[in-house]
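As a plain string of letters, each chain reads:
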Amino acid sequence: MHITATELKNRLGRYLEAAQVEPVIVEKSGRTSSVVLSKRRYDQLCRLEDMLWDMKARNAEQEGFLSDEELRALVGQ
């Protein structure tokens, strides 16, 4: 769903409800500026991002980078 910022301002409640079902893409001055998401979807995306960073950290350790514990031991913390 694509709407203008003015439309969002004028009918906020309507689009907050719509965001429970699908992302609401907001355009300002003819360009996409924001996306309104449900809290549930936002939480899902945050969990996925955390999982991605965990995978990147594990891969870095396997490639020889220091773990958090190793780094703390090295700098004496």
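In the block above lies the structure referred to throughout.
Residues numbered from 1 in each chain as written. Predicted model: local features only at pLDDT ≥ 70, side-chain atom pairs only at ≥ 80, totals over all residues. Heavy atoms only, no water.

Below, the discussion takes up the overall build of the protein chain. A tally of regular secondary structure across the protein chain gives four helices and three strands. The C-alpha radius of gyration computed for the protein chain amounts to 20 Å, which surpasses the reference 11 Å derived for 77 residues by more than 25%, pointing to a less compact arrangement than a globule. If you line up the protein chain on its principal axes, its C-alpha atoms span 55 × 25 × 25 Å. Taken over 77 residues, the protein chain has a buried fraction of 13%. Across the protein chain, contacts joining residues at least 24 apart in sequence account for 8% of those joining residues at least 6 apart. (Helix = DSSP H or I, 4+ residues; strand = E, 2+ residues; numbered from the N terminus. Rg over C-alpha atoms; globule rule 2.2 N^0.38 Å. Buried < 20%, exposed > 50% of the residue type's maximum accessible area, 1.4 Å probe, protein only. Contact = heavy atoms within 4.5 Å.)

Time to look at the pattern of salt bridges. According to the stated counting rule, one finds two salt bridges in the structure shown. Taking the shortest distance from any N to any O, the salt bridge between glutamate 7 and arginine 11 comes out at 2.9 Å. Accessibility expressed as a relative area gives 39% for arginine 11, which makes it partly exposed. In this structure, the salt-bridge partner of aspartate 43 is lysine 39, at a minimum N-O distance of 2.7 Å. Here aspartate 43 and its partner lysine 39 are both found in helix α3 (residues 39-62), four residues apart, which amounts to about one turn of the helix. A residue is classified by how much of its surface remains accessible, and aspartate 43, at 26% relative accessible area, is partly exposed. (Salt bridge = Lys/Arg side-chain N within 4 Å of Asp/Glu carboxyl O.)

With eight residues, the main nonpolar core is built from Ile3, Leu8, Tyr15, Ala18, Ala19, Val24, Val26 and Val36. Put simply, the parts of the chain that give this core at least two residues each are α2 (12-18) and β2 (24-28). Aside from chain neighbours lying at most four places away, what touches valine 36 is Leu8, Leu16, Ala19, Glu22, Pro23, Val24 and Val26. (Core = buried A, V, L, I, M, F, W, Y, C linked by side-chain atoms within 4.5 Å.)

The subject of this paragraph is a nonpolar patch on the surface. Residues Val35, Leu37, Tyr42, Leu45, Leu48 and Met51 make up a contiguous nonpolar surface patch of about 540 Å² in total accessible area. The leading source of residues in the nonpolar patch is α3, at four residues. Here valine 35 shows up in strand β3 (residues 31-36). (Patch = residues over 30% accessible without salt bridge, like charges linked within 9 Å, V, L, I, M, F, W, Y side chains within 5 Å. Areas by Shrake-Rupley, 256 points an atom, 1.4 Å probe, with all protein chains shown as cover.)

Considering all chains together, one arrives at zero aromatic pairs under this definition. Over the ring of tryptophan 53 we find lysine 56; its NZ or CZ atom is 5.8 Å from the centre of that ring. (Phe/Tyr/Trp six-rings, centres within 6.5 Å; stacked < 30°, edge-to-face > 60°. Lys NZ or Arg CZ within 6 Å of the ring centre and 35° of its normal.)

Relative to β3, β2 is paired through five bridges, and the arrangement is antiparallel. Residue pairing across strands places isoleucine 25 opposite valine 35, the latter belonging to β3. Hairpin remark: β2 followed by β3, antiparallel, with two residues in the connecting loop; positive phi at serine 29, about 55°. (Pairing = 2+ DSSP bridges.)

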